[in-house]
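Close look at the chain arrangement
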Amino acid sequence: MMEKMIFGRYIPGDSFVHKLDPRAKLIFVFAFIFIVFFANNAVTYGLLLAFTLLIIFISRIRLYFLINGLKPIVFLMIFTFLLHTLFTREGAVILDFGFLKIYEQGLKQGIFISTRFLVLVFMTSILTLTTSPISITDGLEVLLNPLKKLKAPVHELALMMSISLRFIPTLMDETDKIMKAQMARGSDLSAGPLKDRLKAVVPLLVPLFVSAFKRAEDLATAMEVRGYRGGEGRTRYRQLKWDYRDTICLISLVVLTALLVFYRN
Amino acid sequence: MTEILSFHNVTFSYTPEDETARKAVQNVSFTVQQGEWIAIVGHNGSGKSTIAKLMNGLLYPAEGEVRVLRSALTEENLWDVRSKVGMVFQNPDNQFVGATVQDDVAFSLENNGVPYEEMVLRVKEALKQVKMDQFLNHEPHHLSGGQKQRVAIAGALAIHPQLLILDEATSMLDPQGRDEVLSTVQALREKIGLTVISITHDLEEAMLADRIIFMNDGKKYAEGTPSEIFALGEQLIEFGLDLPFAMKMTKLLQQQGVKLIGQHMTEEELVNDLWTSNFNK
């Protein structure tokens, strides 16, 4: 199941989209979320969809893979579609089942809203699929830098995020080890009623927490010994480079916005 | 010779309010000269890890003085000292801060505000010194324990330290990883004349040192060259230390009535003695 989920997964590659600066991608996706709401007719929604497909094409992520991975979302999309189709009562009646009437506006609205949904999910998935979590963290840190003036702990948050990401595989391994150790002692995690299974998780979580705290303490000592004393006076090893690609990316965003504004009703 | 680090009658207790409690470190003095390799050995609870923590201001002595690079370690010069002393800890996973090998090596450089261009050079140089320059973009969970420890050494080397402290750095590694790390440290000493303090309970590792400080119950029990310390023989076993293989073998052979001249610390010495003293013309 985990193999098919594509949320938050990163697929390395060297497409145009992969090579973009994380700042450009973040700004792009963030702005895109707002721009989507400019669309209000067939032309503009068509534009959005075409644009998204174009980006999927450029990113060289197979459409099949993307759709397959988004199956859990499909249910939500169908639900939104039905909700709008059934409950909007405007325009001419297209279908009449007697107890249920489907109106022209309702169908339209249903298609529009689910397109909007689809486009947003695709766009954000492309962001996480083509950007490594650590780059996203770097990008966020730089973009949020102005908030430092408001005394927001931007550097600390970014460091926390990158350390958490770094320790995910380590803790996964640890969980696996503890699970096997408990199974060897006769605990059964996969059978019995839900209540029993939940109970069996406790002897898994306690050692995991204990060891995570131990690790955190060791890590803090190691960081201190290596001279870490907060963000001040620190230099950055990971440099972000803004080049022509990123400018193109943002220009395309501006063009898209202009087109949407021009063609909307 | 220049002094790199010295302890002067250092005493430390984890429970200072309790006068009668056992002191973790009691009245310990020693000096480390530039270019030396010192091993501090002792069984669990002998105070050797506390000594490591006293060396770079993770702990401060209750009595006595710790001098690093010829000046007493205080809270004022703490960060200065830490930028000249590299330290490698026991658990390879818990000291890996960066997302990839090169990020981890750069971590201490970033902390010390080294400019980007120089960082790139120093990261490459340090990784080359520990022969990990092929792994720049590897993530820690794709590395073996020995490789992670070598990256940790590279991280320490990147700041161009005057002193490298290995705090049980090999104790969680498999024999192969241990050999990797130890041969790396040996090569570094030959190449750049690094001063090394290794804290260990592994006597085979201690044998590589120029001098051994033997800790027991928070006190310095003995200090001397490896052969002087290993001459203590039985006492080492009493204090819960494991003798090197060659020494154990020598003893067992002697018990079996094989004639051997004295104690042997390395396998080579033992083999030489075996075939020379039992050679009948």
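Residues numbered from 1 in each chain as written. Chains lettered and ligands numbered in written order. Predicted model: local features only at pLDDT ≥ 70, side-chain atom pairs only at ≥ 80, totals over all residues.

**Description of the overall build of chain B**
Each helix and strand in chain B was counted, giving 11 helices and 10 strands. Relative to a compact globule of 281 residues, whose C-alpha radius of gyration would be 19 Å, chain B shows 20 Å and is just as compact. Within the span of chain B, comprising 281 residues, buried residues form 46% of the whole. Within chain B, contacts between residues at least 6 apart in sequence are counted, and of these 65% link residues at least 24 apart. (Helix = DSSP H or I, 4+ residues; strand = E, 2+ residues; numbered from the N terminus. Rg over C-alpha atoms; globule rule 2.2 N^0.38 Å. Buried ≥ 20, exposed ≤ 12 C-beta atoms within 10 Å, placed from the backbone. Contact = placed C-beta atoms within 7 Å.)

**Comments concerning the overall build of chain A**
What chain A contains, in helices and strands, is 10 helices and 2 strands. C-alpha extents for chain A along the principal axes are approximately 70 × 55 × 35 Å. Taken across its 265 residues, chain A has 19% of its residues classed as buried. Long-range pairs, those at least 24 residues apart, make up 74% of the contacts in chain A between residues at least 6 apart in sequence.

**Notes on the domain arrangement of chain B**
All names here are of chain B. Along its sequence, chain B is carved into domain 1 (1-84 + 162-175 + 187-234), domain 2 (92-161) and domain 3 (244-281). Here the C-alpha centroids of domain 1 and domain 2 sit 24 Å apart. Each side of the interface is counted separately: domain 1 has 10 residues, and domain 2 has 9 residues. Looking at the side of domain 1 that touches domain 2 residue by residue, the class counts come to 6 nonpolar, 2 polar and 2 charged. (Domains from an automatic or database assignment. Nonpolar A, V, L, I, M, F, W, Y, C, P; charged D, E, K, R; others polar.)

**Re unusual backbone geometry**
One non-glycine residue, Arg60 of chain A, lies in the positive phi region at around 60 degrees. Inspection of the secondary structure puts Arg60 of chain A in the loop between α3 (42-59) and α4 (63-69). Backbone geometry at Asn27 of chain B places phi at a positive 50 degrees, although glycine is not the residue there. Inspection of the secondary structure puts Asn27 of chain B in strand β2 (residues 25-33).

**Overview of the domain arrangement of chain A**
When the domains of chain A are assigned, the result is domain 1 (16-131 + 242-263) and domain 2 (147-225). Each of domain 1 of chain A and domain 2 of chain A was reduced to a C-alpha centroid, and the two centroids are 36 Å apart.

**Considerations on the environment of Val88 of chain B**
All names here are of chain B. Mapped onto the elements of the fold, Val88 is located in strand β6 (residues 85-88). By C-beta crowding, Val88 is classed as buried, having 26 other C-beta atoms within 10 Å. On a C-alpha basis, the gap between Val88 and Pro140 in space is 16 Å, while along the polypeptide they are 52 residues apart. Apart from the residues within four sequence positions on either side, Val88 is in contact with Gln149, Ala152, Ile153, Ala156, Leu166, Asp167 and Ala169.

**With respect to the nonpolar core**
In this structure, Ile40, Val41, Met55, Val105, Ala154 and Ile165 of chain B are the most contacted members of the largest nonpolar core, which totals 78 residues. Broken down by element, the residue count for this core peaks at 6 residues, all from helix α5 (residues 145-157) of chain B. Not counting residues within four places of it along the chain, the set of residues in contact with Val41 of chain B comprises Thr200, His201, Leu203, Ala206, Ile212, Phe214, Met215 and Leu241 of chain B. Counting residues in each nonpolar core, the second largest holds 18 residues, with Val17, Val119, Ile126 and Leu127 of chain A among its members. (Core = buried A, V, L, I, M, F, W, Y, C linked by C-beta atoms within 7 Å.)

**Overview of the sheet that holds strand β1 (residues 3-12) of chain B**
Residues and elements named next belong to chain B. The strand order across the open sheet built from 4 strands is β2-β1-β4-β5, with neighbouring strands paired in antiparallel fashion. A single partner strand is all that each edge strand has here, and the edge strands are β2 and β5 (71-72). Bridge analysis of β1 against β2 gives 6 bridges, and the strand direction is antiparallel. Paired with Phe7 across the strands is Phe30, a residue of β2. Of the strands in this sheet, β1, β2 and β4 (63-68) touch helix α1 (residues 48-55), which is tilted by about 120 degrees from β1. (Pairing = 2+ DSSP bridges. Axes fitted to C-alpha atoms, helices over the stretch in contact; angles between N-to-C directions.)

**Topic: the sheet that holds strand β9 (residues 211-216) of chain B**
Pairing between sheet strands relies on hydrogen bonds along the backbone, with the strands arranged either parallel or antiparallel. Residues and elements named next belong to chain B. Read from one edge to the other, the open sheet built from 6 strands follows the order β6-β7-β8-β3-β9-β10, with strand pairing classed as mixed. In this open sheet, the two edge strands, each paired with only one partner strand, are β6 and β10 (219-224). Taken over all neighbouring pairs, the strand axes of this sheet differ in orientation by 15 degrees on average, direction set aside. Looking at chain direction, strand β3 (residues 37-41) and β9 are connected through 4 bridges and run parallel. Looking at β9, one finds that Val41 is bridged to Phe214. Each of β6 and β7 (163-167) is contacted by α5, which is oriented at about 170 degrees to β6, the strand it contacts most.

**Description of the packing of helix α3 (residues 101-111) of chain B against helix α4 (residues 116-129) of chain B**
Each pair of packed helices can be summarised by the angle the axes make with each other and by the distance between the axes. Residues and elements named next belong to chain B. Their axes nearest at 10 Å, the elements α3 and α4 cross at an angle of 120 degrees. Taken as axis vectors, α3 and α4 run oblique relative to one another. Crossing angle aside, the handedness with which α3 passes α4 is right-handed. Together, Gln102, Val105, Ala106 and Leu109 of α3 and Met119, Arg122, Val123, Ala126 and Leu127 of α4 make up the contact between the two elements. For the contact of α3 with α4, a count of residues per class yields 7 nonpolar, 1 polar and 1 charged. (Parallel < 35°, antiparallel > 145°, perpendicular 65-115°, else oblique. Left-handed = near helix turned anticlockwise from the far one by under 90°.)

**Thoughts on the packing of helix α2 (residues 22-35) of chain A against helix α7 (residues 133-144) of chain A**
Residues and elements named next belong to chain A. Taken N-terminus to C-terminus, the directions of α2 and α7 make an angle of 75 degrees; their axes are 8 Å apart at the nearest point. Classed by the angle they form, the pair α2 and α7 counts as roughly perpendicular. Side by side, α2 and α7 meet where Pro22, Arg23 and Leu26 of the first sit next to Ser135, Ile136, Asp138, Gly139, Leu140, Val142 and Leu143 of the second. Looking at side-chain class alone, the contact of α2 with α7 contains 6 nonpolar, 2 polar and 2 charged residues.

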